Amino acid sequence: MHTNFKHIVFAFLFLGLGCQFVFSQITDNKKRTLEPVKSIPITIQEITLNNSIEITDIHPIYIQKYSKKDTIKTKEFLEGIINKRASDYIKNDFVNKKATLYNHSELYYQDIELKAGIITIDYERNLAYARGILDSLNNYTQRPTFKQADQESEQDSLIYNFKNEKAIIYNTRTEQQGVIVKGEITKRENDSVFYVSKAHFTTSTKDKPDYEIVTDNIKMVPGKKIVGGLSQMYLANVPTPVILPFFYVPLTKERSVSGFLIPSVGQNNNQGYFFQNGGYYFAISDYVDLAVLGDVYTNGSWATRFESNYAKRYKFSGNFSLRFENLITGQRGFSNFQKRNNFYVRWSHSQSQQSSPNSRFSSSVNLGSSQYFRESLNEYNISQRVTNTNSSSISYYKKFVGTPFNMNLSFNHTQNTNTETIDMTLPSLQLTMDRIYPFAPKQGAKKNVFQNIGLSYNLDAQNKVTTSDSLFFKPGMFDKARTGAKHTISASTNLKALKYITLSPSANYNEVWVLKTIDQNYNGDENIIENDTINKFDAFREYSAGVSASTTLYGMFTFKKGRMQAIRHVMRPSISYNYRPDFSQYYDEVQQSDDPDDLTEFSRFTGGLFGAPSRGLSNSIGLSLANTLEAKMMAKDSTDAEPKKIKLLNNLNFSTSYNIAADSLRWSPVRVTAGTSLFDNKLSLNASAALDPYALSAGGRRVDTYNVNNGGSLFRLTRANVSASYSLSSDMFNKEEETDKKKSKAVNSDDKSLFGTDITTRNTKDDQDESRTKVANLFGATLPWKLSLRYSATYSNSNRQNEISNNSLQFSGNIELTPKWSVGLSSGYDFKNKGITFTNLSFERDLDSWRMSFNWVPFGNSTTYYFFIGIKSSVFQDIKYDQRKVPDQRLF
């Protein structure tokens, strides 16, 4: 008794030195009133609620003093069975109704799992005390881990009440949706509400985190949210002046929650200071969301954007974006003042294959002002800036089950951003009948030519509109719309001749319907031919027939020595004959000068959607030859018995035609194409050429004289193109690493990689990059690098110009100076115009929990830079700093 009294006095002396309050009692089903208490570190084994303390071990935790008026009312039974075990021993005190588990202790109660070095169970008070153990080196080990359902935490010690499921937890650590939360004292109200005092939370997984947000008190609802008051950011345990008056972190798994989007602040020379990407995010439902964003500039410019994502599992998914910018440059009242509006619409929709196997709806819309990407203040898409075309398509496909018919209804759009010309097909209807064999037997194979006759049908109906940016969606846009339909019926069959030759006869019938035709009349007063539009239905018909013969020839060259076993040469010659009669009946004559006998021909279908009828008899023979070369090589490794096939020549093709019915220039130019891949498909080579057998006159026109008879060569080279692309990387020189990664793939010819990465103020990264861990090798370190090269040259000599019309080299590469530092450069040189092509320089630093990047376009028409530093995790993506220079605006 004397020892207990001394311990109690000792504890109360230390209780008088603290200055902290505790939250509330946890051992009673009723609310209890607490006095202001003093909390200090003390050597203590456990805390009981009858104001008595038993000290049997050493571990610093916090002790609480309860009011003498507190009473405890407990029931005589628990709602579940307590299962327990320990590796050393389990000590049962039947007098005091306690049990002590020592070393690797485990306790299981309902859905609760508690593991610790020491666990003490007080059956009378329905309490469990858990703490760790000091090892021989005085290290605190076997910290308690508490798990309930999918929520798990680690702490120094805790007290848990089985009845009201409340707990007091000391120095806890838990992770919620990637957010690591640490707290000195945590009160567990129930399995869904926690109150944490002196909370630290971060996404850094280091023992000493890169950054922390520290606040006095927070409320945490696992899987839903974290709410706190005044907070301060610490970088490497150093306080910063970054203070948040309050914060809210959504943790929901089901879907995001609505909330404000914090804008970024910056300044540029043309628009002044600005706020960008501020707005509100609407979590409309589980299937669709909406972000409303805006930009404001001090010179009066502004922009707004609507971005939405939607998805329904096994049905469809997509995203939609509408952007509008009101741009002002210069000063009002001065000549350089200019105001203009730009917009851009993106819509991508895809349907799941499981949704409907016989119908499909899809869309890919990229529509907007031609100058949007050149003038936008908040989107710097490199690939779009260097591309001068936009295209869109919205289509619906339907397969009519039980019939050979299928339908495709689409709305198409193409736009040239240089000429600001827009072509739209509103709509286009394609009705196709799959090939049928009307004379084939109902059962068994087709045995003769007659039974093998196949018929197919296609309907192509379109309404096409050609307009410009200035007339888009304005009255008069559809005045010059062209509407028409084309019916095509084809019949074909095939048969074997001389065992190895395949003959394929065919016949085609075309019928074109139009709703507008023209009539031409000579205006003698103005000496011009005038066109009159006739709005009525009209049609013309064409037909043709042909036959083709083809075969395949194989040549094999074998070798008795060396690794090369054989070379196989495959030739596919083909000859075809086509006949089309003259349809001059669809042409009329019109006077074209004051001379009544000076006449010219025209067709009333000229300018129609499917063109005018063919004129003149066509009686032509087509010739083509396709070649491929393959080699069989034995592997260097003698254990590999199977030879490896290597393509020496992917293709070498020749084609031409001869028109028997023409009165001159019967031969068409010979077209030659060739391509191959070398060095394990890392180098890709392609070439094409046009060879004209006819000579040119002094005026530069083709004449009916062979070039060889005119003192020249057999063929006259009129056009040629050579392109090559090659990829290099440090892995090529590390055979083991290259084998492991299996990187023997075709060369990537994506133009986007040659122009570097896009620069956007959102500057988001894939989640995979956030979780990627890089390891630095201190000795024998390598510098990983990649380099892509692309060369293109075009020669033109169709009219004796004899010039290189295009000659350029482009490259793109990056090098990792360290596992966390990378530098990238993309540029090129135009040998024709003697200048450097589009250049983009990028730097990136992986700061573990943070990321820093700098992109710079140093010269050209689009000089700009963008600097970004921010937290990788999407939870704290608004904690960032970025600065950007807007590209200079060019008016001409």
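Residues numbered from 1 in each chain as written. Predicted model: local features only at pLDDT ≥ 70, side-chain atom pairs only at ≥ 80, totals over all residues. Heavy atoms only, no water.

Engineer: Lay out the overall build of the protein chain with the relevant residues and their values.
Structural biologist: When helices and strands are counted, the protein chain shows six helices and 57 strands. Each of the 892 residues in the protein chain was classed as buried or not, and the buried ones make up 37%. Partitioning the intrachain contacts of the protein chain with sequence separation of at least 6 by distance along the chain shows that 50% fall at a separation of at least 24. A total accessible area of about 51,100 Å² is found for the protein chain, and carbon and sulfur atoms account for 55% of it. (Helix = DSSP H or I, 4+ residues; strand = E, 2+ residues; numbered from the N terminus. Buried < 20%, exposed > 50% of the residue type's maximum accessible area, 1.4 Å probe, protein only. Contact = heavy atoms within 4.5 Å. Areas by Shrake-Rupley, 256 points an atom, 1.4 Å probe, with all protein chains shown as cover.)

Engineer: How would you explain the packing of aromatic side chains if you had to name every residue and give the values?
Structural biologist: According to the stated counting rule, one finds 30 aromatic pairs in the structure shown. For the ring pair F679 and Y726, a centre distance of 6.3 Å and an interplane angle of 70° mean the geometry is edge-to-face. Residue F679 is located in the loop between strand 44 (670–678) and strand 45 (683–692), and its partner Y726 is located in strand 48 (residues 716–729); the two are separated by 47 residues in the primary sequence. Note on F679: relative accessible area 56%, which makes it exposed. Between K312 and the ring centre of Y287, over which it is positioned, the NZ or CZ distance is 5.7 Å. (Phe/Tyr/Trp six-rings, centres within 6.5 Å; stacked < 30°, edge-to-face > 60°. Lys NZ or Arg CZ within 6 Å of the ring centre and 35° of its normal.)

Engineer: Could you give an account of the pairing of strand 48, with specific residues and numbers?
Structural biologist: Note that strand 45 and strand 48 share ten bridges and pair antiparallel. Considered in strand 48, the bridge of A690 is made with R719. Pairing of strand 48 with strand 50 (residues 785–796) involves eleven bridges; the strand directions are antiparallel. The residue bridging R719 from the neighbouring strand is S796, located in strand 50. (Pairing = 2+ DSSP bridges.)

Engineer: Give a detailed account of the environment of L652, specifying residues and quantitative values.
Structural biologist: Mapped onto the fold, L652 is located in strand 43 (residues 644–659). In sequence terms L652 and L629 are 23 residues apart; their C-alpha atoms lie 9.1 Å from each other. L652 has contacts with L625, A626, N627, V672, T673 and A674, leaving out every residue within four places of it along the chain.

Engineer: Describe the environment of I394, listing the residues and the values that go with them.
Structural biologist: Mapped onto the secondary structure, I394 falls in strand 30 (residues 389–399). Its relative accessible area of 23% is what places I394 among the partly exposed residues. Sequence spacing of I394 and V365 is 29 residues, and the spatial spacing of their C-alpha atoms is 7.2 Å. Contact partners of I394, with chain neighbours within four places excluded, come to W347, F361, S362, S363, V365, L409, S410 and F411.

Engineer: Could you give an account of the side chain of S392, naming the residues involved and the relevant values?
Structural biologist: Positionally, S392 belongs in strand 30. Within the structure, S392 has its side chain in polar contact with the backbone nitrogen of N366 (distance 2.8 Å). Excluding anything up to four places from it in sequence, S392 contacts S364, V365, N366, L367, F411, N412 and H413. (Polar contact = N/O pair within 3.5 Å; in protein donor to acceptor, adjacent residues only side chain to side chain.)

Engineer: Quick rundown of the confidence of the model for the protein chain? Include the residues and the values.
Structural biologist: Of the residues in the protein chain, 83% have a pLDDT of 70 or more, and the chain-wide mean is 82. Below pLDDT 50 for its whole length, residues 1–76 participates in 139 contacts with residues either more than four positions away or in separate chains. A low-confidence stretch, residues 738–752 stays under pLDDT 50, and its non-local contacts, those more than four residues away or across chains, total 22 contacts. (pLDDT = per-residue confidence, 0-100.)

Engineer: Could you give an account of a negative patch on the surface, naming the residues involved and the relevant values?
Structural biologist: A cluster of acidic side chains, namely D519, D525, E526, E530, D532, D588 and E589, defines a negative patch on the protein surface. Secondary-structure elements contributing two or more residues to the negative patch are strand 37 (528–550) and strand 40 (587–591). Looking at where D588 falls in the secondary structure, it is placed in strand 40. When its relative accessible area of 35% is taken as the criterion, D588 is described as partly exposed. (Patch = residues over 30% accessible without salt bridge, like charges linked within 9 Å, V, L, I, M, F, W, Y side chains within 5 Å. Salt bridge = Lys/Arg side-chain N within 4 Å of Asp/Glu carboxyl O. Lys, Arg positive; Asp, Glu negative; His and termini not counted. Charge placed at Lys NZ, Arg CZ, Asp CG, Glu CD.)

Engineer: Please set out unusual backbone geometry residue by residue, giving values where relevant.
Structural biologist: Following L426, the chain continues to P427 via a peptide bond in cis, the omega torsion being -10°. Positive phi values are uncommon outside glycine, yet E420 reaches one of about 60°. Position of E420 relative to the elements: it lies in the loop between strand 31 (405–416) and strand 32 (421–436). Overall, the relative accessible area of 29% leaves E420 in the partly exposed class. Positive phi is not limited to glycine here, since L665 has a value of about 50°. Its place among the elements puts L665 in the loop between strand 43 and strand 44.

Engineer: I'd like to hear about the pattern of salt bridges, residue by residue, with values.
Structural biologist: In total, this model carries 22 salt bridges according to the counting rule given. E106 is the salt-bridge partner of R85, the closest N and O atoms lying 2.8 Å from each other. In this pair, R85 sits in strand 3 (residues 82–85) while E106 sits in strand 5 (residues 98–109), placing the two residues 21 residues apart along the sequence. Take E106: its relative accessible area is 17%, and that puts it in the buried class. Residue R305 pairs with D295 through a salt bridge whose shortest N-O separation is 3.0 Å.

Engineer: Requested: an account of the side chain of S352, with residues and values cited.
Structural biologist: By the secondary structure assignment, S352 is in the loop between strand 27 (338–351) and strand 28 (359–368). Overall, the relative accessible area of 18% leaves S352 in the buried class. The residues contacting S352, other than those within four sequence positions of it, are Y314, K315 and F316.

Engineer: Go over the environment of Y280, please, and point to the residues and values.
Structural biologist: Relative to the elements of secondary structure, Y280 occurs in strand 23 (residues 272–282). If sequence neighbours within four positions are ignored, Y280 has contacts with S258, G259, F260, L261, L290, A291 and V292.

Engineer: Requested: an account of a nonpolar patch on the surface, with residues and values cited.
Structural biologist: Together, V547, Y577, Y579, L617 and I660 make up a nonpolar patch on the protein surface, roughly 380 Å² of accessible area in all. In this structure, I660 sits in the loop between strand 43 and strand 44. The class for I660 is partly exposed, based on a relative accessible area of 34%.

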